[in-house]
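As a plain string of letters, each chain reads:
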Amino acid sequence: MSVRNLERLFRPRSVAVVGASDRPHSLGALVMHNLRDAGFAGPVWPVNLRHDRVGGEPAWRDVDALPEAPDLAVLCTPASTIPGLIEQLGRKGCRAAIVLGAGLKAPAGDGRSLEQAMLDAARPWLLRVLGPNCLGELVPGARLNASFAHTSATPGRLAFVSQSGALATALLDWANSNAIGFSHFVSLGDSADVDVGDLLDYLASDGGTSAVLLYLESVKAARKFMSAARAAARNKPVIVVKSGRAPEGARAAASHTGALAGSDAVFDAAIRRAGMLRVETLDHLFDAAETLARARPLYGDRLAIVTNGGGAGVLAADALALSGGRLAALEPATLAALDAVLPATWSHGNPVDLIGDAPTERYTAALQVLLAAREVDAVLFMHAPTAVVPSQDIARAVVPLLAAPGKPVLACWMGADVVRAAADACARAGVPTYATPERAVAAFTHMVQYRRNREALLQTPRAAPDFAHDPEAARAVVRRALDDGREMLDEFEAKALLAAYGIPVVETRRVADGEAAAQAAADIGFPVALKVVSPQISHKSDVGGVALDLPDADAVRVAAAAMAARVQSLRPDARLTGFTVQAMVRRPHAHELIVGVASDPVFGPVILFGQGGTAVEVLKDRAMALPPLNSVLANDLIGRTRVAALLAGYRDRAAVDREALAGSLLKVSQLVCELPELVELDINPLLADERGVVALDARVRVRATIAQPGERLAILPYPGQHEESIEVDGHAVLLRPIRPDDEARLQSFYAHATPSDMRLRFFFARREVPHSELARYSQIDYDREMTFVAVLPDAGDDGLLGEARAVCDPDNRRAEFAVQVRTGWQRRGLGRTLMDKLMRYLRERGVQEVHGECLPENPGMAALARRAGFTFEPARGGLIGLHRELP
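Chemist: Quick rundown of the sheet that holds strand S25 (residues 578-583)? Include the residues and the values.
Modeler: Strand pairing in a sheet relies on backbone hydrogen bonds, with the paired strands running either antiparallel or parallel. With antiparallel pairing, the four strands of this open sheet are ordered in space as S22-S25-S23-S24. A single partner strand is all that each edge strand has here, and the edge strands are strand S22 (508-511) and strand S24 (546-550). Looking at each pair of strands side by side, their axes are set apart by 20 degrees on average, direction ignored. Taken together, the four bridges between S22 and S25 define a ladder with antiparallel strand orientation. The partner of Arg-510 across the bridge, within S25, is Thr-580. Of the strands in this sheet, S22, strand S23 (528-533) and S25 touch helix H18 (residues 491-500), which is tilted by about 145 degrees from S22.

Encoded structure:
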């Protein structure tokens with residue numbers, strides 16, 4: 001379930017309180033008081049087994065006795081009663097319930113927990129359950145306080161969703177004291193049914209919510225969460241605070257990647273991929289919400305600071321530098337303009353120190369210069385109170401400038417009572433306002449990070465280069481290891497796996513003993529490297545199991561004997577199965593990197609990149625991303641590491657082949673998508689220089705699974721199984737799902753459409769489709785959407801001939817569709833072919849209803865829909881509604 005019946009939960013017309021009571025401080029008494037105190041307009045029906053009246057009003061003995069089915073029921077009774085009450089409510093016709101109490105993890109007596117019995121009782125009626133073990137919910141705009149909170153919430157446009165009830169009450173008290181209002185204030189509790197993904201789906205389309213604030217402790221359904229988060233973040237700011245940063249789960253990892261990929265870092269990667277913003281503290285949560293809700297759009301990351309105190313400017317500059325931000329470098333023209341309006345003692349740089357005796361004219365003149373400077377993307381205005389000019393006079397002079405259309409401006413009024421009126425004037429004008437330089441700078445960095453995350457959702461990747469890979473060869477390597485009862489591949493097998501996906505590896509041979517190693521070395525050519533092979537030894541260097549630059553056969557024999565002795569001494573439990581011999585790679589200026597895969601218990605496989613070598617866990621220079629990757633995501637992953645600056649080249653070291661490096665990440669991503677048995681992967685080191693990349697060592701762990709390719713990923717990868725080739729009027733045409741790199745094809749497709757075709761498709765006249773919309777159309781969530789395109793394979797950007805698009809609701813019950821065929825390719829049966837393929841796909845995924853709309857003057861679409869089994873009905877604005885039930 002997802003958004004089904006959530007309207008009953010958040011906008012009920014009637015409420016029943018089961019377990020309502022007059023006993024002071026009981027849950028039933030608190031909920032009844034809060035519902036009445038909030039002024040809920042609909043009927044509130046108390047249900048009490050023993051009393052005919054509660055709070056002076058009539059009460060009902062049980063659910064069946066209620067005058068009608070309530071939209072919402074609030075359950076305040078013991079855990080053992082909950083499954084039966086949910087069954088009664090569902091049978092009565094209630095479709096939403098809040099379970100406040102805890103204890104539902106206890107056994108029900110029939111092999112199930114009480115929680116599972118509750119869910120089983122709710123499922124036949126599609127009854128949605130918030131909780132158990134939750135505070136409840138407050139929807140101030142609906143005058144609904146269905147909670148046992150100690151206070152109410154004021155109306156506003158922020159939605160707050162918390163997995164902690166205790167934190168929610170504290171935060172509600174703080175918000176009221178700071179005049180912060182809410183559209184929704186929801187405590188999820190144990191999230192047995194309604195979870196954070198459901199709330200994101202619901203709030204994303206709620207017109208009364210301008211931003212969503214989340215306090216999370218864990219995520220259960222990763223794919224559902226990612227789909228909902230990505231959809232919500234495209235519509236409005238979604239800001240997250242998450243607790244639980246300690247990566248204890250990494251301690252048992254066998255690979256460097258597993259040890260480096262702590263669960264909190266994986267969560268960071270998920271937040272980044274979804275386009276949300278993560279902040280560190282609750283203060284930052286509300287600061288970020290205020291900034292993103294009030295500030296004008298940001299188009300760069302260069303900040304200018306103007307202040308009447310040098311110390312405050314230094315504090316702000318320090319905070320900006322420590323957060324990775326950057327000060328705007330003022331150009332000569334800007335400095336000259338400031339020289340003309342400021343005294344000779346001003347700071348002559350950024351921060352712009354106006355000096356403590358600054359009159360109002362100095363403030364306005366400096367602000368006008370900075371707001372006009374092309375090298376400045378945003379301005380932070382800071383003021384410390386002085387006796388020279390009252391703060392209110394400063395505010396009256398500068399607020400019109402700060403609030404005027406143009407660049408984003410943030411204000412910082414330092415002090416307390418003496419600057420309160422000035423700060424209030426700024427806030428009333430819609431200028432984000434803060435009390436300290438650090439909080440103001442943090443708010444600016446949140447704007448920058450949010451902008452980057454949003455831009456990442458819209459970036460168009462280059463088409464991934466085709467690379468030769470052999471999934472069957474890779475699967476054969478994995479099967480052999482699993483058939484032998486092994487999870488760890490030996491080095492030879494690991495490199496064979498990489499080679500099957502086109503990742504360059506150094507020539508390696510596996511041998512049984514020292515003599516065979518000497519012969520293999522002679523065949524390869526000296527010098528060589530020799531390494532032990534043992535299922536029990538993951539990090540070979542820890543036992544002296546690596547010897548480099550062996551110059552001849554005798555050196556190989558001696559090294560093999562010494563290694564065998566060391567293994568016997570240091571790891572008597574380990575079984576030595578042989579050695580690998582590989583050519584020494586002479587690339588003196590190459591960088592040692594690590595590329596890896598770890599498996600997170602929530603988000604599944606995650607790809608890691610960073611600085612490699614034996615000190616990899618000490619350096620901890622790494623970044624992570626969720627697969628599948630494309631060229632934009634791969635380059636972003638590289639760019640988020642410290643080593644990225646070195647890879648660009650310096651002094652006598654040339655820049656690495658960035659395309660080959662990004663390509664290796666794309667190949668690992670493909671491997672992850674196609675091999676569900678892969679649990680962990682280390683390529684360490686991966687040498688990278690101007691000549692390309694080569695894997696010197698690799699470590700792989702696999703595990704038997706019944707999962708299908710891509711099933712373990714939090715983001716569904718490209719569904720290549722839906723590709724098929726057809727012939728249209730003698731032309732070979734490929735039907736396939738749309739890909740992110742199809743944006744240029746889609747742009748050409750719309751650009752070549754006639755004005756009439758564009759109007760028939762979009763219902764209004766338009767000449768072009770903007771990049772943001774094209775990105776949204778081409779970068780779809782395959783878990784909820786599908787667009788099939790017809791493509792001429794060798795026609796480049798002009799090869800897109802048609803599209804059939806469907807967007808499913810989060811419940812996968814209903815889909816909306818659209819079909820368009822390229823001007824000049826109509827009336828050749830292509831629209832019918834695309835429509836049939838789309839209907840087959842929707843039927844296979846279990847969609848029950850398909851809806852669409854078309855203009856009355858579109859007989860072609862009407863004929864196509866009629867042939868496909870659609871019925872017609874009047875729709876909004878004179879459109880024709882199209883409807884089809886899928887068996």
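Chemist: Go over the side chain of Glu-674 with me, naming the residues and quoting the values.
Modeler: Looking at where Glu-674 falls in the secondary structure, it is placed in helix H24 (residues 658-674). The buried charged residue Glu-674 lacks any salt bridge partner; its closest oppositely charged side chain belongs to Arg-475, at an N-O distance of 5.1 Å. In terms of polar contacts, Glu-674 uses its side chain to reach the side chain of Tyr-501, at 2.7 Å. Side chain to side chain, Glu-674 and Gln-670 meet in a polar contact 2.6 Å long. If sequence neighbours within four positions are ignored, Glu-674 has contacts with His-469, Pro-471, Arg-475, Tyr-501 and Pro-709.

Chemist: Explain empty space enclosed by the protein residue by residue, including any values.
Modeler: Enumeration according to the criterion identifies four cavities of 30 Å³ or more in this entry. There is about 150 Å³ of room inside the largest cavity. Looking at the largest cavity, it is lined by 13 residues, and the ones nearest its centre are Leu-489, Asp-490, Ser-534, Ile-537 and Lys-540. Only strand S21 (488-489), S23 and strand S31 (698-702) provide two or more residues apiece to the lining of the largest cavity. Here the lining of the largest cavity is composed, by residue class, of seven nonpolar, two polar and four charged. The computed volume of the second largest cavity comes to approximately 70 Å³. Every residue along the wall of the second largest cavity is listed here: Gln-163, Ser-191, Asp-195, Val-196, Gly-197, Ser-218, Val-219, Lys-220, Ala-221 and Phe-225. Of the residues assigned to the lining of the second largest cavity, the class counts are four nonpolar, four polar and two charged.

Chemist: Can you break down the pattern of salt bridges residue by residue, with the values?
Modeler: In total, this model carries 62 salt bridges according to the counting rule given. In this structure, the salt-bridge partner of Asp-120 is Arg-112, at a minimum N-O distance of 2.9 Å. Here Asp-120 falls in the partly exposed class, since its relative accessible area comes to 26%. Overall, Arg-112 belongs to the partly exposed group, its relative accessible area being 32%. When salt bridges with common partners are traced through the structure, they connect Arg-128, Asp-193, Asp-195, Asp-198 and Lys-224 into a single cluster.

Reading guide: rules and limits
- Residues numbered from 1 in each chain as written.
- Predicted model: local features only at pLDDT ≥ 70, side-chain atom pairs only at ≥ 80, totals over all residues.
- Heavy atoms only, no water.
- Pairing = 2+ DSSP bridges.
- Helix = DSSP H or I, 4+ residues; strand = E, 2+ residues; numbered from the N terminus.
- Axes fitted to C-alpha atoms, helices over the stretch in contact; angles between N-to-C directions.
- Contact = heavy atoms within 4.5 Å.
- Buried < 20%, exposed > 50% of the residue type's maximum accessible area, 1.4 Å probe, protein only.
- Lys, Arg positive; Asp, Glu negative; His and termini not counted.
- Salt bridge = Lys/Arg side-chain N within 4 Å of Asp/Glu carboxyl O.
- Polar contact = N/O pair within 3.5 Å; in protein donor to acceptor, adjacent residues only side chain to side chain.
- 1 Å grid on protein atoms, 1.4 Å probe; cavity = no way out; pocket = protein on both sides within 12 Å on 5 of 7 lines; lining within 4 Å.
- Points joined across faces, edges and corners; volume = space filled by probe spheres on them.
- Nonpolar A, V, L, I, M, F, W, Y, C, P; charged D, E, K, R; others polar.

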